[in-house]
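The residues making up each chain are set out below.
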Amino acid sequence: EFALPTNWEIARVEIGGKKAAWRVTAGSVFGPVLLSWTDSAANDVASLASSVNRVVGEETGANGIPVATSWDLDVQPSGTFSVVESTILVADQWSRANAITEAGDITGILSDGATGHDVDWPDTAFVIRDASLELLPAGKRNRYSVGRDLNDADIVGAIGLVSGPSSPRNAARWNSRNKLEDLTSHFGESWSYTQASGINSQGDIVGFGSIVDNGPP
């Protein structure tokens, strides 16, 4: 349930800061195709229609700030494919798209700061549904939230007091009405810095965190 759509892969290795996609069909490899000529990141891919597949991530814009971006890939009957369109999802501010569903819903993170993870600016989780961007609540006093994955009903990620990369986090879930649930109650007292990083169609969640090791009982 957490794998990429069948027959699709996106490159996780960096070659000059650029990302690519390739397709594997019936044992044959097509691609890779370079998604962007600027510094970029590809984070997820979904099959939206029989011949259109959408990759989401981030691409450095003209002002030098990375912005959430999607790339549409056109697949031919022969198995070859090409990038037919790229779309800036969040313009003029630091942002990243982390995940996309086969319905085309997208979640990620954006910031009023120039680089993200700046303690002077809040980082905010977002979701795009039906081409409309909505900001997700972080909870009282929190200045950090991120959406890392989603299914047709829920979004998962993390929330925290401030935006610094080493600041404490709590795993979080938002429902289809964008109502926030702090998942801390599901962990014992020895857990901290928790983040939810994936969710499948049944609502099962995976993630990571820190745990105090007191040795064997």
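The shown structure was predicted, so the numbers you read here are calculated from the model rather than taken from an experiment. (Residues numbered from 1 in each chain as written. Predicted model: local features only at pLDDT ≥ 70, side-chain atom pairs only at ≥ 80, totals over all residues. Heavy atoms only, no water.)

Caption draft 1: View of unusual backbone geometry. Positive phi is not limited to glycine here, since A131 has a value of about 65°. Tracing the backbone shows A131 in the loop between β10 (123-129) and β11 (132-135). Residue classification places A131 among the exposed residues on the basis of a relative accessible area of 81%. In this structure, R141 is a non-glycine residue whose phi angle is positive, near 75°. Secondary-structure assignment places R141 in the loop between β11 and β12 (144-150). For R141, a relative accessible area of 67% translates into the label exposed. (Helix = DSSP H or I, 4+ residues; strand = E, 2+ residues; numbered from the N terminus. Buried < 20%, exposed > 50% of the residue type's maximum accessible area, 1.4 Å probe, protein only.)

Caption draft 2: Fine view of the pattern of salt bridges. Within this structure, the stated rule accounts for four salt bridges. Between R54 and D72 there is a salt bridge, with the nearest N and O atoms lying 2.6 Å from each other. With R54 in strand β5 (residues 52-60) and D72 in strand β6 (residues 66-75), this pair connects stretches of sequence that are 18 residues apart. For R54, a relative accessible area of 23% corresponds to the partly exposed category. Across the pair E181 and R173 runs a salt bridge whose closest N-O atoms are separated by 2.7 Å. With a relative accessible area of 31%, E181 lands in the partly exposed category. (Salt bridge = Lys/Arg side-chain N within 4 Å of Asp/Glu carboxyl O.)

Caption draft 3: Structural view of the sheet that holds strand β4 (residues 40-47). Strand order in the open sheet formed by four strands is β4-β5-β6-β7, and the pairing between neighbours is antiparallel. Sheet topology places β4 and β7 (81-88) at the edges, where each strand pairs with a single neighbour. Averaged over all pairs of adjacent strands, the angle between their axes in this sheet comes to 25°, without regard to strand direction. Sheet topology note: the β6/β7 ladder contains seven bridges and is antiparallel. Residue V75 lies in a different strand from β7, and its bridge partner there is F81. (Pairing = 2+ DSSP bridges. Axes fitted to C-alpha atoms, helices over the stretch in contact; angles between N-to-C directions.)

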